[in-house]
Every structure is written in C-alpha cells, then in structure tokens.
Amino acid sequence: MHRYRPIEDSGREHPSETAGSWDGGGPEPAQVDPAVLGALLARHGWRRRGGAAGRYARWTPPGPAGGGTSLLVPESRAFPDSDDLLGEALTALERCPAPSAREVLVQLAVPSDEVRWTRDVPEEVAGAAAWPAQEKLRGAARQMLLAGALAARGRAGYYGARHRRQAQTALDGVLVGTGTGGRTLTAFVPVATGRSTVVRLHHALHAAREAADYQRATGGMEAFDAAVQAGVSHELTDAVVALVQGSEGARIALAWAPAAGVPPGCAVRPEVVEFSPGDLPALRSAGARYRRDEPSVPVRITGAVVRMRRSAPRGGGTVRLRVLAGAEVSYVRTALDEEAYRIAGHAHLVGLPVQVRGRLESRGGFRRLTGASGIAPVQVDEAERDRLMKALQENLDFFEEACSGEE
C-alpha cells in the first residue's frame, strides 16, 4: 500500500512499516466537486475513455497497477444520480491499488498544492541501498520546503535560526508519500496553511535556475544577489545541492490544487525546474556567499534567562536567553560584564524577563548577541511588583533597579 507520513517525521523505521497521519479516509460524495475530481485524475495520468456525452466520463488508471478499476465520474451535479456516481467512484479509488489513486484521495481529503521531486539515480539503487537513497531524497525535500517557508516570512540571503520556528510550524500539515528507490517523492502542502510556502518556492526555484545559468555563462554572481528578492537563499541552494548531489540530475515539478485555483503571479502549469551536477559549483559558491555577506542585525530583545555560566566566582559571564520578543529566533547567547551578569542573575532568580540591546551576528546562525548593553528587568504590573517585593527582601538595592522600569 502507498502510505503517507508528515514531512517532519524522520524516524528510522522502514517506510513500509510506517503509517502516515492520513488514514486513507476520503471525503463524503457531497463534498466532492466533479470538476476537481476530473482534473486530479487527468493530472495523475488516468485516461478518459468516453462515457455519456455531457453526463459522465469513464476513467481508467495508468499502467497495469489499476487492477481493472474503472470510474464513472459525473460532469456536474446537474443530474439526480451524481452523488451515487461520486460515491461509487470514491469507493473504487479507495480499493484501487494504483499509487495515483491514493494521491487523488489525499488531494480530495485536504486540498493541497503538490511538489514532486525526481532524481535520476542508477538503476542498481535497489534493495538495501534504496532506503538510504530515499532518506536522502526526503531530507533534501524537507530542506527545500523549509527554505520556501522561510522566504515566505521575509527575504534574506541567510536565515540561520531566524524565522525557523514559524517556518517549521507552517510545514506541520505537509504529507509525503514514501516513494521507492530514492527516485521520486511527492509532498502535499495544504492550501490553507502552506500555499505561501509553495508560491515562494515556485519563484525561488526559477530564479535559482536563471542565476545558475547566468553564472555558468558569464562567471558572475550578480544574478544570485538579485535572486534573494525572489526567495533564493543559502538554505535553498543547500537544499538543491543535497537533492542533486550523487545523482545524474534532478527535477522539481509543482501543481496547484484544483479546488483553490492558481495563485496570483504564477503560471497555470508551472514549468518543471531542472538542475544537474554541472550546476553544483555555482550553487555552492552562492550559498557560501549568502552566508558570508548577510549582515548582523541590530535588535532589542526581551527574553527569559535560562542558563548562566562564568569561569570564576566574580566577573562577567555568558547567559542564554529564551527570546520572547524582538527577534525571530528561539534562543540567543550573549557575553555580559559583571554588573550586567548580576542583573541577569537576579532576574533569573525571581522569574523576570530582561530586555537587552545588541546585534545578532550572522556567524553561528544569528544565535549570538554581540555588544550587549542596557540590560534591565522588564517592568511589571502591581500584582507582580508585590510578588517581587517578597522575593527580593534581601536584595533591596536590586529591587529598586528591577521595579523602576528605567533603562
């Protein structure tokens, strides 16, 4: 059986033993648009064999895997028996062994844009070697979707830890087929939560293809600089390299959910984007350039102190903050002088967040704050002020500092 699992699921069990979060249950006939069903069948290679003109069409699956399946799909709901025909068609799809039948059912259950990856790998990749190849393909696909989700939240040549939590959340509903042999993989990205990711990926892949062509023709990297505005980044070039490396070439195809229509600014049938091993030097150079040239970012962070460390009983030290506001990262580390370290320590003891200014450095993935200054506990309301007073009875000098709201 062709199974599906979340894109985040990276368990090591064999895919044939892994159940996806989609349980195979299709929609009710009343929820299915006959035109959408017909469009999905055509997309997935089903053949239209005629039928009563203007009333219904007969469809059969591609290849020999259909097991004699034949669907009667009404042209519209204008006839009294349309619900009956749709019900019979859905039942036949659920019983059909062809992988394409399952893909159609997934699309009907949750309207999704499709992203399909194809790697040209040697035919001898089979048996035990097929599982690592499939995991390599799956990892590259996840990297690519994450790059699209990051670009949907803002343009940057290198994101590091920025926006990562939100981007990962945007991929929560994505399902992928297990595929076979490390050659093909399809992701179904729900329109409701992930369309912006697929739209950005669509533009970014074409921009990366054009930039690679320009670099190979002229030796210049200017096109990669301009491509950042289309969503190309270090994370995307890394994903393409991971996809192509070890293969003879790779292709990425996108298809919009028929139920949702075509997003503005996108082609009705996006062209397949292809990359070859000859593109790898340009992509690697661009990725390194993006990471090297992304500037540090001035920020004013509010965060909770979660870890403190210094090498001696006195003097400055390093603290780790869980970011609550001010930067699109989850955690940052920063070096503080002795006074600032003392303030952070007291805030940690009484459960108060602190506010601090500095610059997020691209080195290390925007996880380090340099030039930290102006650290102070965040001002609290009256109820919290009373709690703080009891907690700081033995630290009256710090109490004034913590509760004044001054910076």
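As a starting point, this report considers the structure included with it. Computed from a predicted structure; not experimentally measured. (Residues numbered from 1 in each chain as written. Predicted model: local features only at pLDDT ≥ 70, side-chain atom pairs only at ≥ 80, totals over all residues. Heavy atoms only, no water.)

Considerations on the nonpolar core
Membership of the largest hydrophobic core comes to 54 residues, with the highest contact counts inside it found for Trp117, Met144 and Leu205. Sorting elements by how many residues they give to this core places helix α4 (residues 130-151) first, with 10 residues. For tryptophan 117, the contacting residues outside a window of four places in its chain are Leu137, Ala141, Met144, Leu145, Arg183, Thr184, Leu185, Thr186, Ala187, Leu243, Arg251 and Ile252. In terms of nonpolar packing, the next biggest core, distinct from the first, is built from 25 residues, Ala327, Leu336, Val354 and Ile375 among them. (Core = buried A, V, L, I, M, F, W, Y, C linked by side-chain atoms within 4.5 Å. Buried < 20%, exposed > 50% of the residue type's maximum accessible area, 1.4 Å probe, protein only. Helix = DSSP H or I, 4+ residues; strand = E, 2+ residues; numbered from the N terminus. Contact = heavy atoms within 4.5 Å.)

Notes on the layout of surface pockets
Of the pockets and cavities examined, the largest pocket occupies roughly 440 Å³. Looking at the largest pocket, it is lined by 18 residues, and the ones nearest its centre are Arg43, Ala255, Trp256, Val268 and Arg269. The set of elements that each furnish at least two residues to the lining of the largest pocket consists of α1 (34-43), β5 (112-119) and β8 (250-255). Within the lining of the largest pocket, the residues separate by chemical class into 12 nonpolar, 2 polar and 4 charged. (1 Å grid on protein atoms, 1.4 Å probe; cavity = no way out; pocket = protein on both sides within 12 Å on 5 of 7 lines; lining within 4 Å. Points joined across faces, edges and corners; volume = space filled by probe spheres on them. Nonpolar A, V, L, I, M, F, W, Y, C, P; charged D, E, K, R; others polar.)

Section: the pairing of strand β13 (residues 354-361)
Taking burial as the measure, the 8 residues of β13 include 6 buried ones, the bulk of the element. As paired elements, strand β10 (residues 297-309) and β13 share 7 bridges and run antiparallel to each other. Bridging across to β13, arginine 300 finds its partner in arginine 357. Note that β13 and strand β14 (residues 368-377) share 6 bridges and pair antiparallel. Bridging from a neighbouring strand, arginine 357 pairs with serine 373 of β14. Hairpin geometry of β13 and β14 is characterised by an intervening segment of 6 residues between the two adjacent antiparallel strands and by a positive phi of about 90 degrees at glycine 364. (Pairing = 2+ DSSP bridges.)

Things to note about the sheet that holds β10
Judged by pairing direction, the barrel is mixed, and its 5 strands sit side by side in the order β10-β11-β12-β14-β13 before closing back on the first. Recorded for the sheet is a direction-independent mean angle of 50 degrees between the axes of neighbouring strands. The sheet contacts of helix α10 (residues 338-350) involve β10, β11 (317-325), β12 (331-336), β13 and β14, and relative to β10 the element is tilted by about 65 degrees. (Axes fitted to C-alpha atoms, helices over the stretch in contact; angles between N-to-C directions.)

Comments concerning the environment of alanine 223
In this structure, alanine 223 sits in helix α7 (residues 222-227). Taking relative accessible area as the criterion, alanine 223 reaches 23% and is therefore assigned partly exposed. Residues alanine 223 and alanine 207, 16 residues apart in the sequence, show an inter-C-alpha distance of 8.4 Å. Once residues within four sequence positions are removed from consideration, alanine 223 is found in contact with Ala211 and Tyr214.

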